[in-house]
Amino acid sequence: MVSLAFWLFLAILLFATLVLSRSRMGIISALVSLVAILSLAGTSSLRTRTRAAAAALFFLAVLGLIVWIGSEPVMSRFETLGQEYNLSGQNRISIWRDTLGLIRHHPLLGTGLGSFPVVYPSVQTAFLTLLVEHAHCDYLEVVSDLGLPGGILVFGSIFWVLAKTVRHYGNAEEHFDKAVSLGCVGSIAAILVHGLADFNLYIPANTLVLTIILAMARSSALPRTASVESFGEHCTGFEHPER
């Protein structure tokens, strides 16, 4: 019970900090991640009352922190959303529409990885006086760079790892394996949602973190016997210390 209280405290602190960062997609993706974690954790061995009490305490504590520190900056950030998208031709939707034009022109091979800032002016209709470096949508930008086959390969692989991790969580017996799988599912869900309106995969630090999370998720889902045999094959050149 003490460990549950400790991790709940950390989660409350981190989530409240994220909300107060005023990142709209960050808040939305965190909520989706939280829903995914709570939904998956609903199959855990914890009693229903314990799960419900922990979830209620989490949301009440986060709300209390936000009200105590001040919620006005966060609310004003979301209020500007309608104003931004009322400007015709000067919002993310306009960039997405132009990016779809790039995809139509180069559907199979794309324009080349990292070429978006160079080729976008050929279809640019938004922010004509500015340099648009990203499509503000990972899905569209990856497809425009690598083509439809490349985009399917990239995101298909991520969703495949996600599905495998969800399945492994249901079959795992050890608490550590369940915790790793649960954390990976929440993290992957958050980055996939955040990528709908941002360019996380084109930020090296974010890409590195996602790669590590995917590797953890895939390795935790592998059967233990397969992992041990694979490790043994790579260590055939070493002698057993007892020999």
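Please read these numbers as outputs of a predicted model, since none were measured by experiment.

> So what's going on with the overall build of the chain? Which residues, and what values?
Helix and strand counts for the chain come out as 10 helices and 0 strands. Residue burial in the chain is summarised as follows: out of 243 residues, 35% are buried. Long-range pairs, those at least 24 residues apart, make up 71% of the contacts in the chain between residues at least 6 apart in sequence. As displayed, the chain has an accessible area near 15200 Å², and 69% of this comes from carbon and sulfur atoms.

> Residues and numbers for the packing of aromatic side chains, please.
Per the stated rule, a full pass over the model turns up 2 aromatic pairs. Relative to Tyr120, the ring of Phe116 has its centre 5.1 Å away and its plane inclined at 25 degrees; by these criteria the two rings are stacked. Residue classification places Tyr120 among the buried positions, given a relative accessible area of 0%. Aromatic pair Tyr139 and Phe155: ring centres 4.4 Å apart, planes at 25 degrees, arrangement stacked. The exposure class assigned to Phe155 is buried, which follows from its relative accessible area of 9%. Over the ring of Tyr169 we find Lys178, and its NZ or CZ is 4.4 Å from the ring centre.

> With reference to specific residues and values, describe the environment of Thr207.
As for its position among the elements, Thr207 is in helix H9 (residues 204-221). Thr207 sits 16 residues away from Ile191 along the chain, and the two C-alpha atoms are 9.7 Å apart. Only 2.7 Å separates the side chain of Thr207 from the backbone oxygen of Leu201, close enough to count as a polar contact.

> I'd like to hear about empty space enclosed by the protein, residue by residue, with values.
Inspection of every chain in the model, using the stated rule, returns 1 cavity of 30 Å³ or more. Along the walls of the largest cavity sit Asp138, Tyr139, Phe155, Ile158, Ile191, Leu192, Gly195, Leu201 and Leu210, which together make up its complete lining. For the lining of the largest cavity, the secondary structure elements donating two or more residues are helix H7 (138-171) and helix H8 (175-194). Tallying contributions element by element places H7 first for the lining of the largest cavity, with 4 residues.

> Tell me about a nonpolar patch on the surface, and please be specific about residues and values.
The grouping of Leu31, Leu38 and Phe59 at the surface amounts to a nonpolar patch, some 250 Å² of accessible area in total. Within the fold, Leu38 resides in helix H2 (residues 24-41).

> How would you explain the environment of Phe59 if you had to name every residue and give the values?
Along the chain, the position of Phe59 falls in helix H3 (residues 48-69). Along the backbone, Phe59 and Phe15 are 44 residues apart, and their C-alpha atoms lie at a distance of 9.5 Å. Phe59 has contacts with Leu34 and Leu38, leaving out every residue within four places of it along the chain.

Parameters and conventions
- Sequence order as written defines residue numbering, which begins from 1 separately in each chain.
- The model is predicted, so local features are restricted to residues of pLDDT at least 70 and side-chain atom pairs to those at 80 or more, both for listing and for counting; the totals for chains, interfaces and linings are taken over all residues.
- In computing side-chain values, all of the structure's heavy atoms are included and hydrogens and water are not.
- Put simply, DSSP marks the helices as runs of H or I at least four residues long and the strands as runs of E at least two long, and each gets a number from the N terminus on.
- Buried residues are those whose accessible area, probed at 1.4 Å on protein chains only, stays under 20% of the maximum for their type, while exposed residues exceed 50% and partly exposed ones sit between those limits.
- Contacts are residue-level and defined by heavy atoms, with any inter-residue pair within 4.5 Å sufficient.
- The protein chains shown are the only cover counted for residues, whose accessible areas, like all others here, come from Shrake-Rupley with a 1.4 Å probe.
- Pairing of aromatic rings covers Phe, Tyr and Trp, the last through its six-membered ring, and needs centres within 6.5 Å; plane angles under 30 degrees mean stacked, over 60 mean edge-to-face, and all others mean tilted.
- A ring is scored as having a charge over it whenever the NZ atom of a lysine or the CZ atom of an arginine sits within 6 Å of its centre and within 35 degrees of its normal.
- Between N or O atoms, a polar contact is any pair within 3.5 Å; within protein, one atom must be a potential hydrogen donor and the other a potential acceptor, and residues adjacent in sequence are included only when both atoms are from side chains.
- Think of a 1 Å grid over just the protein atoms. A cavity is a set of points where a 1.4 Å probe fits yet cannot get out, a pocket is an open set with protein on both sides within 12 Å along at least five of seven lines, and lining residues have an atom within 4 Å of a point.
- Grid points are joined across faces, edges and corners, and a volume is the space filled by probe spheres set on the points.
- Patch definition: residues above 30% relative accessible area lacking any salt bridge, with like charges linked at up to 9 Å and the nonpolar side chains Val, Leu, Ile, Met, Phe, Trp and Tyr linked at up to 5 Å.
- Between Lys or Arg on one side and Asp or Glu on the other, a salt bridge is scored when a side-chain nitrogen of the former is within 4 Å of a carboxyl oxygen of the latter.

By themselves, these are just geometric observations and shouldn't be taken as functional.
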